[in-house]
Amino acid sequence: MLRLISIESFKLFRKLKSWLGPLLILVLVLVAFPLSIDISQYDLEKFYFSIIVVSLLMTAFVATEGMFEEDFEDGSLEQEFLIEKDFYKLALCKIIVYVLLIGVPIAFIGSIFSFANGVAIGSFPKVFLLLSLSNLLLFNLFAFGNSLSINKGAMLGVLSSLPLALPIIILLGRAIRSVQFGDGFSEMIALMAGVGLIVSALMPLIISAALKTHID
Amino acid sequence: MFDLAFNSLDEILQMNGHGIYVWSVYVVGITAILVSFIIAKKRLREAQEKIRVANASS
Amino acid sequence: MTLLSAQKISYSINDKKLFHGLSFNVQNGEALHVKGSNGSGKSTLLRILLGITPPSKGKIERSNPDLKISYLGHKNAIKNYLTPAQNLELLFNESELGIALKWLRELDLSSVQEELTSNLSFGQKKKLALIRVLAKPQELIVLDEPFVGLDQDASQILNNFLVNQLSNQVSLIFTSHIHPDVECKVLDLSNNSA
Amino acid sequence: MITAFIHKFSSPKSFVVLTAKLYPYFICIGLCLISLGWIWGLLFAPEDAVQGNSYRIIFLHVPSVIYAELIYFFMAVCALMHLVWRVKLAAYLIKSAAPIGAMITFIGLFSGSIWGIPTWGTWWQWDARITSTLILFIMYLGILTLHGSFSNLEKADRLMSILVVIGVINIPIIKKSVDWWSTLHQPASISVSSGSSIDPSMLYPLLISVIGLGFVLISLGILSSRSYIYTREKNKKWVSEYV
């Protein structure tokens, strides 16, 4: 486990465009959006948060795009299979590393922007925690979509993994409401954390089966 | 229960102004199913033809 | 002692048979040379023996499920955006790294050690990939066309290494169009295509 | 033992032989029932007090959304059989059922939107049913695209099965979450069919068209699965003997 985590974080750090790219895209969208509408006419804070949520979805998708592709293309997956006999640990570690190195920074930027634009939704830690948890879920699902369609392009990725991500977005919308109205926030967090744990434990199992099929 | 709900063909087509909705839905639905049948039949014929050709040549 | 035995394995892809009913076994310290024309399924056979690809029929038995195997296929499993030294760091733990760096010098790669691997030539990348096999202790070595792209010296080094390993009771399975100077059994797939 | 049993009754050969025999009956029953149901529903059933004549879309809409979900469920069962027992036939059936499912889901969505115009004044609502049907449609497309993108068909079969199984878990989740989410905005304003409160003079033709469409779709499935089995197994001896 530790070996894989250190390998994956080493690799991700070296691939500048894989982790800096999504972050920059997020910043770009969040900056460009308020500029593209007439702020005096609309209440930006009313819907700015949903822009953050949608761009979160997009960045998570972009960030996970090449997750397994490189290892598949250069044969590292086969070597890994000879060592571990399956890909459970690999998928788990990859997801952990990606969430920590890309997902959490994305969540951080998202929360900063929500405050910079005067969105009245409770305290910073709450929003940050919420976005991080939803990123954990999103990264798991997109990793799954990615393992199905390793190098077959974004269209297939969207078709196979976006339907899975919609419940998360809906849940996030519900959670935001609970923060705004100050009721049931801890229940929401508990629910998301619970779902996140279950998904993080099970998803690598499915991803492992999919990757195994790919190298067959 | 088995009385016609309409008095004339015109009424059937009109359906009190809702005819356009009802009939367009049925036309599209029936066409879609028919087209799928035609495609399926054609594919089946092609597949059988291919196998027959392969049989004849071997 | 039998390290690995194949029993009546067949493989077909999209209902096209590649080979059929192959049976053989590999003893400790024995080499097996898989021969055959292009597309006869040599690489696939190696992958089946490794357990990566499941055979369509038949089964592979190993003396020990945790057999230590080194494998080098067509794909080098080398990261292009890292330097050769960093690549080795990914592969080996600290105690093994010394041996790996020794092989790096031996194979004449120390001059490009700090360059990006994507700038290396085909043969240099292949040598780098070979270190994975050379520096790890193992019980079975599986190589798919190991001599392609290697220069005279490197081929000689690899050949000596293989001979040395065989005498240490390590088994070897490989495909190659160049016949190396090792004593080996031959399995020819071209007669077998159904 | 279960494995042996399943394999015996799931050989593509016996499937083709059996369904070829059943096909003429199924298509006859299907066509008779569906014409009966639709003529009854369109011409004889009384006008609805609230919705007027536009409710007659129900005789196409409800059967198609029922089968949109049933076909997916069927595919999920097949996917499990394929993953657990490696039944080849199951994968063939998924592959041939998916386009039919996509088509019938499309009909369901289309008829629903058209129906929405006179009834709700809008052709789209983000409520649980509609959203999950749309997602279902996207998933059918995803499954077809995924299968189409591999040259090694056995790989394609297995990856497709994985996606189908994950999808079947996802559908109820989406439904529940939209329900939960939208109840916060507004009370559930739309309920398509109110179950047993429907008048018998409308219920009978509806039931008949549901059963009729079922037979029609099974016949369609028989046709397309047979041609798909032929193409996949064209090198097998039984195919050349049977055709």
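These numbers come from a predicted model, not from an experiment. (Residues numbered from 1 in each chain as written. Chains lettered and ligands numbered in written order. Predicted model: local features only at pLDDT ≥ 70, side-chain atom pairs only at ≥ 80, totals over all residues. Heavy atoms only, no water.)

1. Section: the packing of helix α3 (residues 94-106) of chain C against helix α4 (residues 122-134) of chain C
Residue and element names in this part refer to chain C.
Link 1 in the chain: As a packed pair, α3 and α4 sit with axes 10 Å apart at the nearest point and diverge in direction by 140 degrees. Judged by the inter-axis angle, α3 sits oblique to α4. Along this stretch, α3 crosses α4, giving a crossing that reads as right-handed. Residue-level contacts link A100, W103 and L104 of α3 to L128, I131 and L134 of α4.
Link 2 in the chain: Taken together, the residues that form the contact of α3 with α4 break down as six nonpolar, no polar and no charged. (Axes fitted to C-alpha atoms, helices over the stretch in contact; angles between N-to-C directions. Helix = DSSP H or I, 4+ residues; strand = E, 2+ residues; numbered from the N terminus. Parallel < 35°, antiparallel > 145°, perpendicular 65-115°, else oblique. Left-handed = near helix turned anticlockwise from the far one by under 90°. Contact = heavy atoms within 4.5 Å. Nonpolar A, V, L, I, M, F, W, Y, C, P; charged D, E, K, R; others polar.)

2. Quick notes on the interface of chain D and chain B
By a frequent convention, interface size equals the accessible area lost on bringing the separate parts together.
Link 1 in the chain: Listed by partner, the interface residues are 42 residues for chain D and 32 residues for chain B.
Link 2 in the chain: Here chain D meets chain B over a buried area of about 3,300 Å², counting both sides, of which 80% is carbon and sulfur.
Link 3 in the chain: Taken together, the links from chain D to chain B amount to six residue pairs in polar contact (both at pLDDT 80 or more).
Link 4 in the chain: The set of elements that each furnish at least two residues to the side of chain D that touches chain B consists of α2 (12-44), α3 (58-85), α4 (88-120), α7 (200-232) and α8 (237-242) of chain D.
Link 5 in the chain: Tallying contributions element by element places α7(D) first for the side of chain D that touches chain B, with 13 residues.
Link 6 in the chain: A per-class count over the side of chain D that touches chain B returns 27 nonpolar, 11 polar and four charged. (Buried area = accessible area lost by both parts, 1.4 Å probe. Polar contact = N/O pair within 3.5 Å; in protein donor to acceptor, adjacent residues only side chain to side chain.)

3. Notes on the state of the cysteines
All names here are of chain D.
Link 1 in the chain: For the structure shown, the criterion picks out zero disulfides over all chains.
Link 2 in the chain: Free of any disulfide, C28 has its nearest neighbouring cysteine sulfur in C32, separated by 6.2 Å.
Link 3 in the chain: Exposure remark for C28: the relative accessible area of 48% places this residue in the partly exposed category. (Disulfide = S-S within 2.5 Å. Buried < 20%, exposed > 50% of the residue type's maximum accessible area, 1.4 Å probe, protein only.)

4. Regarding the pairing of strand β6 (residues 140-144) of chain C
Residues and elements named next belong to chain C.
Link 1 in the chain: A large share of β6 lies buried, amounting to five of its five residues.
Link 2 in the chain: Neither face of β6 is exposed, since L140, V142 and D144 on one face and I141 and L143 on the opposite face are all buried.
Link 3 in the chain: Two elements, strand β5 (residues 69-72) and β6, share four bridges in a ladder whose sense is parallel. Of the residues in β6, the one forming a bridge with Y71 is V142.
Link 4 in the chain: Bridge analysis of β6 against strand β7 (residues 171-175) gives five bridges, and the strand direction is parallel. Bridge pairing links L143 to F174 in β7.
Link 5 in the chain: The β-α-β motif built from β6, the intervening helix α5 (residues 152-167) and the parallel element β7 has right-handed crossover chirality. (Pairing = 2+ DSSP bridges. Right-handed = clockwise from strand over helix to strand, strands pointing away.)

5. Concerning the interface of chain D and chain A
Link 1 in the chain: Facing 24 residues of chain D, the contacting portion of chain A comprises 23 residues.
Link 2 in the chain: Summed over both partners, the interface of chain D with chain A buries about 2,300 Å², with 79% contributed by carbon and sulfur atoms.
Link 3 in the chain: Summed over the shared surface of chain D and chain A, the number is one salt bridge.
Link 4 in the chain: Note that A:D216 is salt-bridged to D:R158, the shortest N-O span being 3.1 Å.
Link 5 in the chain: Counting across the interface, chain D meets chain A through four residue pairs in polar contact (both at pLDDT 80 or more).
Link 6 in the chain: Those elements that provide at least two residues to the side of chain D that touches chain A are α5 (128-148) and α6 (153-185) of chain D.
Link 7 in the chain: Among the elements that make up the side of chain D that touches chain A, the one with the highest residue count is α6(D) (15 residues).
Link 8 in the chain: Taken together, the residues of the side of chain D that touches chain A break down into 16 nonpolar, six polar and two charged. (Salt bridge = Lys/Arg side-chain N within 4 Å of Asp/Glu carboxyl O.)

6. Overview of the domain arrangement of chain C
Residue and element names in this part refer to chain C.
Link 1 in the chain: Per the domain assignment, the segments of chain C are domain 1 (1-68 + 148-193) and domain 2 (69-137).
Link 2 in the chain: A separation of 23 Å is found between the C-alpha centroids of domain 1 and domain 2.
Link 3 in the chain: With 15 residues of domain 1 at the interface, the matching set in domain 2 holds 15 residues.
Link 4 in the chain: Buried surface at the junction of domain 1 and domain 2, both sides included, amounts to about 1,300 Å², of which 75% is carbon and sulfur.
Link 5 in the chain: Ranking the residues of domain 1 by area buried against domain 2 places K68, I157 and F161 at the top, with a combined share of 36%.
Link 6 in the chain: Viewed at the interface, domain 2 and domain 1 are joined by one salt bridge.
Link 7 in the chain: Linking D151 and K127 is a salt bridge whose minimum nitrogen-to-oxygen distance equals 3.5 Å.
Link 8 in the chain: Across the domain 1-domain 2 interface, the total number found is three residue pairs in polar contact (both at pLDDT 80 or more).
Link 9 in the chain: Elements represented by at least two residues in the side of domain 1 that touches domain 2 include exactly α1 (42-50) and α5. (Domains from an automatic or database assignment.)

7. Quick notes on the UniProt feature "transmembrane region" (unreviewed entry) in chain B
Link 1 in the chain: UniProt records the feature "transmembrane region" (unreviewed entry) at residues 20-40 of chain B, using the numbering of this structure.
Link 2 in the chain: Taken end to end, residues 20-40 of chain B has its terminal C-alpha atoms 30 Å apart, with 100% of it in helix and 0% in strand. (UniProt positions renumbered as here; feature names shortened; annotations may be inferred.)

8. Notes on the pattern of salt bridges
Link 1 in the chain: Tallied over the full model, the rule gives 21 salt bridges over all chains.
Link 2 in the chain: With a shortest N-O distance of 3.0 Å, A:E78 and C:R47 are connected by a salt bridge. Of this pair, A:E78 sits in helix α5 (residues 76-84) while C:R47 sits in helix α1, which puts the two residues in different chains. Across the pair, C:R47 and A:E78 agree in class, each one buried.
Link 3 in the chain: With a closest N to O distance of 3.1 Å, A:K212 and A:D216 form a salt bridge.
Link 4 in the chain: Through salt bridges with shared partners, a single ionic network connects A:E8, A:K11, A:K15, A:E70, A:D71, A:D74, A:K94 and C:K79.

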